[in-house]
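# Notes for the structure review
One-letter residues, chain by chain:
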Amino acid sequence: MNTTIMLFLLQDGITNGAIYALLGLALVLVFAVTRVILIPQGEFVTYGALSYAMLATGQVPGTARLAVAMGLVAFALDLFFARKALHARLVIRSVALNIVFPVALLGLVYALVGPHTPIAVNIALALLIVAAIGLFLYRIAFQPIAHTSVLVLLIASVGCHLALQGLGLVFFGAEGLRGPALSSAAVTAGPLRFTGQSLAVYGLTVGFIVALWLFFGYTKTGKALRATAVNRLGARLVGIRTTLSGQIAFLLASVIGAISGILIVPITTLYYDTGFLIGLKGFIAAIIGGLVSYPLTAVAAIVVGIVEAFSSFYASNFKEVIVFTLILPVLVLRSLAAPQVEEEKD
Amino acid sequence: MTQRLPLIIFALVMAVIPFVPGIPPFWIVLLDNIGLAALVAMGLVLLTGVGGLTSFGQAAFCGFGAYTTAVLTTAYGVSPWLTLPASLLVSGIAAVLLGLVTVRLSGHYLPLGTIAWGIGLFYLFSKLEFLGRNDGISGIPPLSIGAFKMLSPDTIYYAIWVAVLLSALLTMNLLDSRTGRAIRALRRGHVAAEAFGVQTPRAKLLVFIYAAVLAGLSGWLYAHFQRAANPTPFGAQAGIEYLFIAVVGGAGYVWGGVLGAAIVVILKEVLQSYLPYIFGGQSQLETIVFGIMLVMLLQLAPQGVWPWLMSKLPFKPTRKTPDTSVKLEHRERAPGTSPVLLHIEKARKQFGGVLAVNDVSFDVNAREIVALIGPNGAGKSTTFNLITGVLAATGGKIFVQGKEVENAPPQEVVKLGVSRTFQHVKLVPDMTVLENVAIGAHLRGNSGAIASMLRLDRTDEAKLLAEAARQIERVGLSDQIDQLAGSLSLGQQRIVEIARALCVDPMLLLLDEPAAGLRHMEKQRLAALLRQLRDGGMSVLLVEHDMGFVMDLADRIVVLDFGTKIAEGTPAAIKRNPDVIKAYLGAAA
């Protein structure tokens, strides 16, 4: 084969792989802290990307209103669960987080939106919106069942994915959208041309990997989050606020998802349901990383991206088949390497 | 017959429905869809709810069933009825191939693996030329009997619901049998089941294939109902939906699958037809509401609707008490010549840098009660696990009746007449005491899955249950025989474990802390039982911390400390042994 084609495919694979790596990292993060296998990660991607794209055309995305609605539900849940011991401080905090924050955000969006709003402002708004949605999603769907089995959490996660994907269609329509590029700079190296966009993808991915690795390995909060994952009760007994850990994890995951979305929406057209498939590929990487290792997940994601690029060139019809079958031998190896431990389920 | 009565009434009601005058034809279509979904859900009940193997990929097996008949009938002109065995066979073979990989996956890798191959197969269906790619295959002939063609929804209705009822019956028969108990034990981990001879990988593969064949049957019916097959209904979304159905209805219950199918199919229909009126023409609104409802349901009733309904019933279904007069033949014993029943020679177990058992040697003779004592972490339970094959020894030899056990798996060790209880009780909490104890007799029965489904196992089954009931009586728990094992006190659960171990008809009984959690009187009764067993010819090796209990009961005591044997002798000698006193009380004492 031709070296130039191979280089192009490699470049393409690495760019996609970097995005999958970001998503894989978020999945590992959420699973490690909350034991939730975050299927709606793909929706964070589309919400981030399409909200940004709509803001760029001067429209107010429906996601901003969704954040307000979810905040209201979260507030109601807070009140309901604390009904036996309503303290003023608790209520004020809940109002501030669940009502004031999303309403203020919606107000901000209406105030700033326009065809000439700077790109940076649009990005910030899109990120804030998705962050709020991620935060409330944990409060509403997962916090009440945080103690249940991985299976129940997984099914709830699928339920969230369905609801959010359906809402995505309502907000963004069935037509695909593209967003403006972050920068028009480009570097040429031999036959390859690196756009500012793809360089941003690489840079952010590496940055996140290092940051997460440092955060979980070397900071007290990071270690507290990991402790929550291993044993919720034990973590609570030593004074870790487990609900806060879950919220932090979801907040980080939704922001990472939204960033990935904003990074790719200038490169490819995204539809309301594209996120699911992109998320699943991040998933494959996360699984190869055993849902625990960040560096391994990143490497696996690059491999997934490259395999995808090459198979779409040689056997484009069977691209998805190849990518998804790739996972099976890995899963078997993983299971054999970590012999089954007695698990008390339910 | 009284247990079959609700089923017969249900069958009659279903048979009459199409004849009710004025029933909208559309309702029949809905019932057809419910039946098709119920078939798949029933397989999932067995696989996920009962067996604990979560699969998101069942829709792919429907695809195998549907595409097999689609290709055979349209391209090769094979008669639809002849394609039924082919469809089931193809789904079954696909299940064997995928199952060999899938059932090896542990923990959360399993559901993720099923999502992966579910999606992979969906893309395969939609890309293969001979399956018609995304358009699929149309023009599939209808089912027909003679000149009568099942063209309309109300004719194929009978084919679908006969399949549902038969499958329900066979599935319930299977669950209420020797094989069924083995399957039901899977969800609580494999160590306990394997200790009584259950081949857990085979049992897992069996349920996997069973669920796939039911899905294949549903796919075959679907193809002849729609008269077409395309990839969409066999994708990941559908696979997820089938799992929902099972969870909504109650994943542990056969009828939960049917009820779940009814709830979900009707709900989707209602949402699809009424939501656009409320919210004005938006499509896909039903998925939103559907997703939200699912999350709400999990928060309010994580067990599903069926068990909730059952708990509202004014009357409780009665259970038949087994007839204890039926005799179960004794296990065939190797002609034992050696008076040494268990001989351990320099057994050694290393976990990384930790030496848990350090060259320990001791014997257990016939008709003897030997106690293994030592401070916490001395390696007592590890020694048990080495003897029973749960752990592979790093070194040394273990002989049972002069025959060397070369790191044999637990299923083989139990065949030698060595049975055990566990330090942390390993019963299936949602099975009755009787059913739990009957697992102990697993190797003394021989009926397989197919015989159980067809109820050809009844004499065999009656013997096993009779034996279980006898052992429960022997340990003094006859009053609790029909209670769920999870509802007993911890002390009683330990006694249930002893009854289960006795069902093996063992020569050597290994008891791991049997007296923990028992009251004084109960301990005395337990001691009396163990003495009676010894006098009847059995040997007992027990780990126990209650020194009064041990000193009173044991003929001989072996003391371990930090994995090393420090003393062996009669209770009186052990009490005076300075090393033992040092190990328990420290050097200064």
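Residues numbered from 1 in each chain as written. Chains lettered and ligands numbered in written order. Predicted model: local features only at pLDDT ≥ 70, side-chain atom pairs only at ≥ 80, totals over all residues.

### Observations regarding the overall build of chain A
Along its length, chain A carries 14 helices and two strands. Relative to its length of 346 residues, chain A is compact, with a C-alpha radius of gyration of 20 Å against a globular reference of 20 Å. With the C-alpha coordinates of chain A rotated into their principal frame, the extents come out at 70 × 55 × 35 Å. Long-range contacts, defined as pairs at least 24 residues apart, comprise 78% of the intrachain contacts of chain A with a sequence gap of at least 6. (Helix = DSSP H or I, 4+ residues; strand = E, 2+ residues; numbered from the N terminus. Rg over C-alpha atoms; globule rule 2.2 N^0.38 Å. Contact = placed C-beta atoms within 7 Å.)

### Brief notes about helix α20 (residues 520-535) of chain B
Residues and elements named next belong to chain B. The terminal C-alpha atoms of α20, which comprises 16 residues, lie 23 Å apart, in line with the 22 Å expected from a rise of 1.5 Å per residue. For α20, the full list of buried residues reads Lys 523, Leu 526 and Leu 530. The buried side chains of α20 occupy one side of the element, clustering within an arc of 60° when seen end-on. Among the exposed residues of α20, those oriented more than 90 degrees off its buried face are Met 521, Ala 528, Gln 532 and Asp 535. Tucked into the core, α20 has its buried residues touching β7 (369-373), β12 (539-543) and α21 (547-553). Within two residues after α20, Gly 537 carries a phi angle of roughly 115°, on the positive side. (Expected span 1.5 Å × (residues − 1). Buried ≥ 20, exposed ≤ 12 C-beta atoms within 10 Å, placed from the backbone. Arc of directions from axis to C-beta.)

### Side note on the nonpolar core
Leu25(A), Val30(A) and Ala41(B) are the most contacted members of the largest nonpolar core, which has 301 residues in total. With 17 residues, the single largest contributor to this core is helix α9 (residues 200-226) of chain B. If near-sequence neighbours (up to four positions away) are discounted, Val30(A) is found in contact with Val36(A), Leu38(A), Ala249(A), Phe250(A) and Ala253(A). (Core = buried A, V, L, I, M, F, W, Y, C linked by C-beta atoms within 7 Å.)

### A short note on the domain arrangement of chain B
Bring the parts together and some accessible area is lost; that lost area is often taken as the interface size. All names here are of chain B. When cut into domains, chain B gives domain 1 (5-39 + 57-235), domain 2 (339-417 + 506-589) and domain 3 (427-505). The partner domain 2 presents six residues to the six residues of domain 1 that form the contact. Here the side of domain 1 that touches domain 2 is composed, by residue class, of three nonpolar, two polar and one charged. (Domains from an automatic or database assignment. Nonpolar A, V, L, I, M, F, W, Y, C, P; charged D, E, K, R; others polar.)

### Things to note about the pairing of strand β8 (residues 395-400) of chain B
Residue and element names in this part refer to chain B. Where strand β5 (residues 340-351) meets β8, five bridges bridge the pair, whose relative direction is antiparallel. Bridged to Arg 348 within β8 is Gly 395. Count of turn residues in the β8/strand β9 (residues 403-404) antiparallel hairpin: two residues, of which Gln 401 carries a positive phi of about 55°. (Pairing = 2+ DSSP bridges.)

### With respect to the sheet that holds strand β11 (residues 508-512) of chain B
Residue and element names in this part refer to chain B. Spatially, the six strands line up as an open sheet ordered β10-β11-β12-β7-β13-β14, and their pairing is mixed. Here the strands that pair on one side only, and so sit at the sheet edges, are β10 (418-420) and β14 (564-569). Mean inter-strand twist for the sheet, computed between neighbouring axes without regard to direction, equals 20°. Inspection of the sheet shows β10 paired to β11 by three bridges, in the parallel sense. What sits directly across from Ser 419, in β11, is Leu 509. The sheet strands contacting helix α23 (residues 578-585) are β13 (556-561) and β14, and the helix crosses β14 at an angle near 130°. (Axes fitted to C-alpha atoms, helices over the stretch in contact; angles between N-to-C directions.)

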